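# Coordinates in review
One letter stands for each residue in the lines below.
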Amino acid sequence: PLVETPAAADAGSRSDRCLSIAEMADRDRDFERNRAQLESPDICMTKKTFREGSLPWTLQIIQNKAKPGNYFWFVPHDNENAAFDTAAYGVRKFGGTVVAVETGGNRNNHAQDPNRNFDAGSTSPQKCREQVAPSPLFTTNVLEFLHDDMTVIALHSNTPDGGISMRSPLGGNRHFPAHVPFPSRSPD
């Protein structure tokens with residue numbers, strides 16, 4: 001397993017070899033739950049850790065070596081199990097790379113929502129109003145795995161009583177409901 005010194009943790013580190021499920025140090029057991037999808041000779045799992053300001057970050061990376069291009073799957077919220085499960089299935093079946101934020105099963109990394117932590121750069125006046133601090137390292141480390149020819153798929157789960165629904169899109173958003181309803185509690 002990867003052993004970090006305090007200096008290495010600040011600078012960041014990345015495993016240089018494919019890791020086992022046990023070595024992924026996944027506190028909420030996403031990898032164990034998806035063992036059937038992830039224990040394949042085509043799948044390579046690594047992790048990247050770094051510190052930005054006061055926040056420690058761990059990114060879990062899953063790559064399909066047999067189908068490396070195609071898709072960039074992003075799972076920002078570690079408490080959304082269906083999103084992670086979909087990414088594990090998707091990368092195995094369709095290929096590409098998954099970047100999942102590990103926060104021990106919590107939605108946020110301390111006070112920061114990972115989904116609202118992308119930095120537009122020091123010369124940009126744009127900043128998400130829910131962004132705690134500038135995040136050039138987070139942005140660079142997540143987007144390092146995105147290449148021009150990849151389709152971006154950001155995955156989220158929503159509880160049945162959640163405030164977001166495909167039937168009532170948020171202002172300024174366009175919805176794309178399923179052509180054929182799924183047999184589930186959220187059929188769209």
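Please refer to the structure higher up on the page.
Residues numbered from 1 in each chain as written. Predicted model: local features only at pLDDT ≥ 70, side-chain atom pairs only at ≥ 80, totals over all residues. Heavy atoms only, no water.

### Considering the environment of T139
By the element assignment, T139 lies in helix α5 (residues 136-143). With 25 residues separating them in the primary sequence, T139 and P114 have C-alpha atoms 9.9 Å apart. Not counting chain neighbours up to four residues away, the residues in contact with T139 comprise N117, F118 and D119. A distance of 2.9 Å separates a polar atom in the side chain of T139 from the backbone oxygen of S135. (Helix = DSSP H or I, 4+ residues; strand = E, 2+ residues; numbered from the N terminus. Contact = heavy atoms within 4.5 Å. Polar contact = N/O pair within 3.5 Å; in protein donor to acceptor, adjacent residues only side chain to side chain.)

### Some details on the packing of aromatic side chains
Applying the stated rule across the entire model yields 7 aromatic pairs. Centroid distance W57 to F138: 4.5 Å. Interplanar angle 50°. Geometry classified as tilted. Placement of W57 in strand β3 (residues 55-64) and of F138 in helix α5 is noted, with a sequence separation of 81 residues between them. With a centroid separation of 6.5 Å and an interplanar angle of 80°, the aromatic rings of Y89 and F94 are classed as edge-to-face. You can call Y89 partly exposed: its relative accessible area is 41%. An aromatic cluster of at least three residues, connected via ring pairs, comprises W57, F74, F118 and F138. (Phe/Tyr/Trp six-rings, centres within 6.5 Å; stacked < 30°, edge-to-face > 60°. Buried < 20%, exposed > 50% of the residue type's maximum accessible area, 1.4 Å probe, protein only.)

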